[in-house]
Amino acid sequence: SVFARLFDVSVLYFYSVRRDLHSFPTRRSSDLSAVESTTSKCVMVLDENLPLGLLANTAAILGITLGKHMPEAVGADVLDGSGKAHLGIIMFPVPILRGDAEQIRAIREILYGVDYQDVIVVDFSDVAQCCKNYGEYIGKAAQADESEWRYFGLGLCGPKKLVSRLTGSMPLLR
């Protein structure tokens, strides 16, 4: 079934690769004040040409890694009407935008610039996806020139003006 295939593919990709070393946020979560949805914006940009399982896995990895660097963005746990507890979720929307490999690479290149140092950036690439463990990823990343990487997606969170400048005209992934 499609669900079983998606689950198998996602577990394989997600289990094999932790993303925190290449994420290198320009700010540490301890430096962040509470995220204000009126002044900050978070988005994910995914390569629309990826297979469904890899799209789902890319979004999961980007979201988990952004969450690590922005713990204040997750709300408190809640109780439902029957008294059952549910873990808190992010307190504001995170649009999933579609792009292609060239657009994502161009955005990633811009994000290395000094003008975007206040934007937290997480990327997920073919270099990470093909590794069986994190040690292998560290080794492959050190050997592969960044210009050779194929980015599957980016997670961005930062000043609304900066994030919108890069992604404001991109359509939603549907």
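Below is a summary of the structure that appears in this document. Counting of residues starts from 1 at the beginning of each chain's written sequence and follows it residue by residue. With the structure being a predicted model, the display of local features is reserved for residues of pLDDT at least 70 and the display and counting of side-chain atom pairs for 80 or more, all residues being used for whole-chain, interface and lining totals. Side-chain figures throughout are based on the complete set of non-hydrogen atoms in the structure, without hydrogens or water.

A closer look at the nonpolar core
As used here, the term nonpolar core means buried Ala, Val, Leu, Ile, Met, Phe, Trp, Tyr and Cys residues forming a set that is joined through side-chain atoms within 4.5 Å. Classification of residues uses two cut-offs on accessible area relative to the type maximum, computed with a 1.4 Å probe and protein chains only: under 20% is buried, over 50% is exposed, and between them is partly exposed. Among the nonpolar cores identified, the biggest contains 40 residues, and Met70, Ile107, Leu111, Val119, Phe124, Tyr137 and Leu156 are the most heavily contacted of them. Numbering goes from the N terminus for both helices and strands, where a helix is a DSSP run of H or I of at least four residues and a strand is a run of E of at least two. Mapped by element, the contributors of at least two residues to this core are strand E1 (40–47), helix H3 (52–69), helix H4 (101–111), strand E5 (120–125), helix H5 (126–129), helix H6 (134–143), strand E6 (151–159) and helix H7 (160–167).

Describing the state of the cysteines
We call a pair of cysteine sulfur atoms a disulfide when they lie within 2.5 Å. Counted by the stated rule, this structure contains one disulfide. Linked covalently through their sulfurs, Cys42 and Cys157 form a disulfide whose S-S length is 1.9 Å. Taking the torsion about the S-S bond as the criterion, the Cys42 to Cys157 disulfide, at about -50°, is left-handed. Of this pair, Cys42 sits in strand E1 while Cys157 sits in strand E6; the two residues are 115 residues apart in sequence, bridging distant segments of the chain. In this pair, the class of Cys42 matches that of Cys157, namely buried. Unpaired in terms of disulfides, Cys130 finds its nearest cysteine sulfur in Cys131, a separation of 4.3 Å. Overall, Cys130 belongs to the partly exposed group, its relative accessible area being 39%. For Cys131, a relative accessible area of 3% puts it in the buried group.

Brief notes about H4
Among all positions of H4, only Ile104, Ile107, Arg108 and Leu111 are buried. For H4, the angular spread of the buried residues around the axis is 100°, confining them to a single face. The contact rule is simple, with two residues in contact once any of their heavy atoms fall within 4.5 Å. Contact partners of the buried residues in H4: E1, E5, E6 and H7. Pairs of N or O atoms within 3.5 Å make up the polar contacts considered here, provided that, within protein, one atom can donate a hydrogen while the other can accept it, and that residues adjacent in sequence are counted only when both atoms are side-chain atoms. If you check the start of H4, you find a side-chain oxygen 3.1 Å away from the backbone N of Glu102, and it comes from Asp100. Here, the arc refers to the directions that run from the helix axis to the C-beta atoms.

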